[in-house]
Amino acid sequence: TQLLEQSPQFLSIQEGENLTVYCNSSSVFSSLQWYRQEPGEGPVLLVTVVTGGEVKKLKRLTFQFGDARKDSSLHITAAQTGDTGLYLCAGEHSSASKIIFGSGTRLSIRP
Amino acid sequence: NAGVMQNPRHLVRRRGQEARLRCSPMKGHSHVYWYRQLPEEGLKFMVYLQKENIIDESGMPKERFSAEFPKEGPSILRIQQVVRGDSAAYFCASSPGEGTANTEAFFGQGTRLTVV
């Protein structure tokens, strides 16, 4: 059973469009992280959300943590080709001692 | 460079040989994770260690795979008698090990293992 479900699995959109990707769980997380991974590289930490309902902005990226701390979303405004990559959410589950990752959303931005 | 360092970046082994993957965590980090990634897939948890102690190895195959994080030196992921199915990218991440920042893991650039 995947504790963190990400959707969509794949997304291909035109440059300039907006998009939202989701990270969902039936379990509560004390915090969630979002990472971006480019081909041939390791994942890079983008943001950590801790408080239920929290919203964090990173330039054109907006991250939200659900009120119940079971889900999170990443919204990208006016996507650019440089946003292409694999987006991963991760968190430390209360019953697990390790950081677990969602399966990722593979985002492709067409010029 | 104070980031997580993995070496080698690329490793080619013949079937039956041993592969040793090294990971030096960020300065001040006491916890290390190892993940495996197949092409076009996400990260699969393998093992979680702190110095001289394995915290969680539930993702490690029972045979041929082992990991350690000694008091001194890097963490080592060891794969004995490699098979073609072991070919993958292996990523190491480190975290502080305390407080909420413990869940912020910083990754190395990975070791790409190819078994021929």
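The preceding data block contains the structure.
To keep things clear, this report deals only with the structure shown in the data block.

Analysis parameters
- Residues numbered from 1 in each chain as written.
- Chains lettered and ligands numbered in written order.
- Predicted model: local features only at pLDDT ≥ 70, side-chain atom pairs only at ≥ 80, totals over all residues.
- Heavy atoms only, no water.
- Contact = heavy atoms within 4.5 Å.
- Buried area = accessible area lost by both parts, 1.4 Å probe.
- Salt bridge = Lys/Arg side-chain N within 4 Å of Asp/Glu carboxyl O.
- Polar contact = N/O pair within 3.5 Å; in protein donor to acceptor, adjacent residues only side chain to side chain.
- Helix = DSSP H or I, 4+ residues; strand = E, 2+ residues; numbered from the N terminus.
- Nonpolar A, V, L, I, M, F, W, Y, C, P; charged D, E, K, R; others polar.
- Pairing = 2+ DSSP bridges.
- Axes fitted to C-alpha atoms, helices over the stretch in contact; angles between N-to-C directions.

## Things to note about the interface of chain B and chain A
The partner chain A presents 19 residues to the 23 residues of chain B that form the contact. The contact between chain B and chain A buries some 1800 Å² in all, and 52% of this surface belongs to carbon and sulfur atoms. Across the contact surface, chain B and chain A share one salt bridge. Here E40 of chain B ties to R106 of chain A by a salt bridge, and the two come within 3.7 Å at their closest N and O atoms. For the interface between chain B and chain A, the tally reads seven residue pairs in polar contact (both at pLDDT 80 or more). Counting residues per element, the ones that place at least two in the side of chain B that touches chain A are strand 4 (31-37), strand 5 (43-50), strand 6 (53-56) and strand 10 (106-107) of chain B. By residue class, the composition of the side of chain B that touches chain A is ten nonpolar, seven polar and six charged.

## With respect to the pairing of strand 5 (residues 44-49) of chain A
In terms of strand pairing, strand 4 (residues 29-37) of chain A meets strand 5 of chain A through five bridges, oriented antiparallel. If you follow Y35 of chain A over to strand 5 of chain A, its bridge partner there is L45 of chain A.

## Describing the sheet that holds strand 1 (residues 5-7) of chain B
Residue and element names in this part refer to chain B. With antiparallel pairing, the four strands of this open sheet are ordered in space as 1-3-8-7. At either end of the open sheet lies a strand with only one pairing partner, and these are strand 1 and strand 7 (65-68). Strand-to-strand twist in this sheet, taken as the mean axis angle between neighbours without regard to direction, amounts to 15°. One ladder, built from four bridges, connects strand 7 with strand 8 (residues 75-79); its direction is antiparallel. Among the inter-strand pairings, F65 is bridged to a residue of strand 8, identified as I79.

## Observations regarding unusual backbone geometry
Here the residue pair S7 of chain A and P8 of chain A is connected by a cis peptide bond, since its omega of -10° sits within 30 degrees of zero. Within the fold, P8 of chain A resides in the loop between strand 1 (5-7) and strand 2 (10-14). The residue after N7 of chain B, namely P8 of chain B, is reached through a cis peptide bond having omega -5°. Tracing the sequence through the fold places P8 of chain B in the loop between strand 1 and strand 2 (10-13). One non-glycine residue, A78 of chain A, adopts positive backbone phi at about 50°. Summarising the element assignment, A78 of chain A is placed in the loop between strand 8 (71-76) and strand 9 (85-93).

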